Amino acid sequence: MKSPFQPQTNLTMMAEYAASHQQENERFSAFIKEFNDEEIDAKVQELDALISPTISCTDCGNCCKSLMVCLNEGEADRLSGHLNMTRSDFDETYLEKGSNGLMIMNRMPCPFLSDNKCSVYEYRFEGCKEFPALHMPHFKRRIFTTFMHYDRCPIIFNVVEALKDEMQFTKDQ
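Since we're looking at a predicted model, the values are computed, not measured.

Undergrad: Could you give an account of the pattern of salt bridges, with specific residues and numbers?
TA: Taken as a whole, this structure holds 11 salt bridges when the rule is applied. K171 is paired through a salt bridge with E161; the nearest N and O atoms lie 3.1 Å apart. Residue K171 is located in the segment after α10 (154-166), and its partner E161 is located in helix α10; the two are separated by 10 residues in the primary sequence. Members of the salt-bridge network, linked through shared partners, are E24, E161, K164, D165 and K171.

Put into structure tokens, the structure is as follows:
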């Protein structure tokens, strides 16, 4: 009988593995580009559906500790209203604004992270809702950003490693 999937969740080990397998991951990025988009998306979504439930995001919270979060005007309006702050106070307290209108949270970890949980969960930003975005189509278009987060997100790490196995990709030793 096959043992249940045991995901890798040790962030130190993941970071070390990612660093030592960078060339393998570059080869894999090129390897999957040869496959049909829908086929890759189906495999990634299937693996995500199997792996995500085995990993507790609130045990980790690393995305909230280490990612720059972008937001739009509507999201800033909703959250500032929820916090009973004027929009200008909210912006001054929490945001950095680029000359092109791009807005990002001004510090890491996210100031709304408390005990590895989002204290404004119902008002969180689209980028937070979508992360790690493995359920979405066009995985091949996001392979670069996927590998940017591969060493920090146990879901991404485990899905990518399972995808390599599923596709019979030749790994480095």
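Undergrad: Before we move on, can you summarise the packing of helix α2 (residues 22-32) against α10 with the specific residues and values?
TA: Angle between the axes and distance between the axes: these two values describe a pair of packed helices. One can describe the packing of α2 onto α10 by two numbers: an axis separation of 12 Å at closest approach and a directional angle of 65°. In this structure, the crossing between α2 and α10 has a hand that is left-handed. Contacts between α2 and α10 involve E24, N25 and F28 from the first element and V160, E161, L163 and K164 from the second. Counted by class, the contact of α2 with α10 contains three nonpolar, one polar and three charged residues.

Undergrad: Could you give me a rundown of the sheet that holds strand β3 (residues 103-105), with the residues and numbers involved?
TA: One open sheet accounts for three strands, arranged β1-β3-β2; its pairing is antiparallel. Of all the strands in the sheet, the pair left with one neighbour each is β1 (70-71) and β2 (95-97). The sheet contacts of helix α7 (residues 87-94) involve β1, β2 and β3, and relative to β2 the element is tilted by about 90°.

Undergrad: Run through the nonpolar core, naming residues and quoting values.
TA: As a rule of thumb, soluble globular proteins bury nonpolar side chains together. Of all hydrophobic cores here, the largest spans 24 residues; its most connected members are F28 and F139. Listing elements by their share of this core, those giving two or more residues are α1 (11-20), α2, α3 (37-51), α9 (143-149) and α10. Here the element with the most residues in this core is α10; it accounts for seven residues. Here F139 is in contact with I32, I40, D41, V44, L134, T146 and L163, once residues within four sequence places are set aside. Of all hydrophobic cores here, the second largest spans 13 residues; its members include L95, F112, V120 and F125.

Undergrad: Help me get a handle on the environment of Q23, residues and values and all.
TA: Along the chain, Q23 falls in helix α2. Put simply, Q23 and E73 are 50 residues apart on the chain and 39 Å apart in space, counted from C-alpha to C-alpha.

Undergrad: An account of empty space enclosed by the protein is needed here, citing residue identities and associated values.
TA: Tallied over the full model, the rule gives one cavity of 30 Å³ or more. C64, L67, M68, V69, M105, R107, M108 and C110 are the residues that line the largest cavity. Class assignment for the residues of the lining of the largest cavity results in seven nonpolar, no polar and one charged.

Undergrad: Residues and numbers for the side chain of H21, please.
TA: Inspection of the secondary structure assignment puts H21 in the loop between α1 and α2. Accessibility expressed as a relative area gives 9% for H21, which makes it buried. With sequence-adjacent residues up to four places away left out, H21 is seen in contact with D172 and Q173.

Undergrad: Pulling in residues and values, what's your account of the packing of aromatic side chains?
TA: If you walk through the whole model with that rule in mind, you get nine aromatic pairs. Measuring from centroid to centroid gives 5.2 Å for F90 and Y94, while their planes differ by 50°, and the two rings are tilted. Placement of the pair is F90 and Y94 together in helix α7, with a separation of four residues, close to one helical turn. For the pair F90 and Y94, a shared accessibility class is recorded, and that class is buried. A centroid spacing of 4.9 Å and a plane angle of 35° characterise the contact between Y150 and F157, whose relative ring orientation is tilted. As far as burial versus exposure is concerned, Y150 and F157 are alike and both buried.

About the cut-offs
Residues numbered from 1 in each chain as written. Predicted model: local features only at pLDDT ≥ 70, side-chain atom pairs only at ≥ 80, totals over all residues. Heavy atoms only, no water. Salt bridge = Lys/Arg side-chain N within 4 Å of Asp/Glu carboxyl O. Helix = DSSP H or I, 4+ residues; strand = E, 2+ residues; numbered from the N terminus. Axes fitted to C-alpha atoms, helices over the stretch in contact; angles between N-to-C directions. Left-handed = near helix turned anticlockwise from the far one by under 90°. Contact = heavy atoms within 4.5 Å. Nonpolar A, V, L, I, M, F, W, Y, C, P; charged D, E, K, R; others polar. Pairing = 2+ DSSP bridges. Core = buried A, V, L, I, M, F, W, Y, C linked by side-chain atoms within 4.5 Å. Buried < 20%, exposed > 50% of the residue type's maximum accessible area, 1.4 Å probe, protein only. 1 Å grid on protein atoms, 1.4 Å probe; cavity = no way out; pocket = protein on both sides within 12 Å on 5 of 7 lines; lining within 4 Å. Points joined across faces, edges and corners; volume = space filled by probe spheres on them. Phe/Tyr/Trp six-rings, centres within 6.5 Å; stacked < 30°, edge-to-face > 60°.

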